[in-house]
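Tertiary structure, described
Residues per chain, in single letters:
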Amino acid sequence: MNCDIRIGNGYDVHRLAPGLKLVLGGVEIPHTKGCVAHSDGDVIIHALCDALLGALALGDIGHHFPDTSAEFAGIDSKVLLRRTYVMIQERGYSLVNADITLLLQAPKIAPYVMQMRQTLAAVLDVPVDAVSVKATTTEKLGFTGREEGVEAYAAVLICKE
Ligand code: MG
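Here's what I pulled together on the structure shown here. On a predicted model such as this, the values are computed, not experimentally measured, just so you know. (Residues numbered from 1 in each chain as written. Predicted model: local features only at pLDDT ≥ 70, side-chain atom pairs only at ≥ 80, totals over all residues. Heavy atoms only, no water.)

1. Looking at the pattern of salt bridges
According to the stated counting rule, one finds four salt bridges in the structure shown. Measuring nitrogen to oxygen at the nearest pair gives 3.1 Å for the salt bridge that ties Glu71 to Arg83. Separated by twelve residues along the polypeptide, Glu71 in the loop between helix H2 (61-64) and helix H3 (77-90) and Arg83 in helix H3 bring together distant segments of the chain. A relative accessible area of 36% means that Arg83 is categorised as partly exposed. As a salt-bridge pair, Asp99 and Lys134 come within 2.7 Å of each other at their nearest N and O atoms. One end of the pair, Asp99, is in strand S5 (residues 94-103); the other, Lys134, is in strand S6 (residues 131-136), with 35 residues separating them in the sequence. Assessed through its relative accessible area of 31%, Asp99 is described here as partly exposed. (Salt bridge = Lys/Arg side-chain N within 4 Å of Asp/Glu carboxyl O. Helix = DSSP H or I, 4+ residues; strand = E, 2+ residues; numbered from the N terminus. Buried < 20%, exposed > 50% of the residue type's maximum accessible area, 1.4 Å probe, protein only.)

2. Observations regarding a nonpolar patch on the surface
Side chains of Tyr11, Val13, Phe143 and Tyr153 sit close together on the surface and give an oily, nonpolar patch of about 330 Å² of accessible area. Of note, Val13 is situated in strand S1 (residues 4-18). (Patch = residues over 30% accessible without salt bridge, like charges linked within 9 Å, V, L, I, M, F, W, Y side chains within 5 Å. Areas by Shrake-Rupley, 256 points an atom, 1.4 Å probe, with all protein chains shown as cover.)

3. Notes on the sheet that holds strand S7 (residues 149-160)
Where strands meet in a sheet, backbone hydrogen bonds hold them as pairs that are either parallel or antiparallel. Taking strand neighbours across the sheet as the criterion, the five strands line up as S4-S1-S7-S5-S6 in an open arrangement whose pairing is mixed. Here the strands that pair on one side only, and so sit at the sheet edges, are strand S4 (33-36) and S6. Between one strand and the next, the sheet's axes are offset by a mean angle of 25°, whatever the strand orientation. Where S5 lies against S7, nine bridges are found, and the strand directions are antiparallel. Paired with Leu95 across the bridge in S7 is Ile158. Docked against the sheet, helix H4 (residues 113-124) engages S5 and S6, running at close to 145° with respect to S6. (Pairing = 2+ DSSP bridges. Axes fitted to C-alpha atoms, helices over the stretch in contact; angles between N-to-C directions. Contact = heavy atoms within 4.5 Å.)

This is the structure we're talking about:
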């Protein structure tokens, strides 16, 4: 690959509370709890945005899309991802691949992983095999294990021809 490559990583966490929507990787997942957030609380997309921004040292998602702004109240995080990726593309870079790890105790998300990958790949206009989504429990340890929250890590490689 003859191009200028950059790497980025991102992390996000949201608190879970009963009766809220659970949206992960752009997919709404039926569950008794959802994320407490200013936006839709999609930790996968927020971690992915931070990874993309980090790859070009462009700050973080809270800087670009502040949770004090009414513009972003309840916003679909796919919009934030698209806007983040435009910043990357404006600088001549495109995504090579993204690898995401989701940490949550429940529910099982295996049935939704392909839909998440397809959703994220569509927003980023890359092949589905360029977007990996993996999930693990924390063996009932910590806040994630107690189902108080959900976490995500993302790593990205971007390239400028
Ligand atoms: Mg967040």
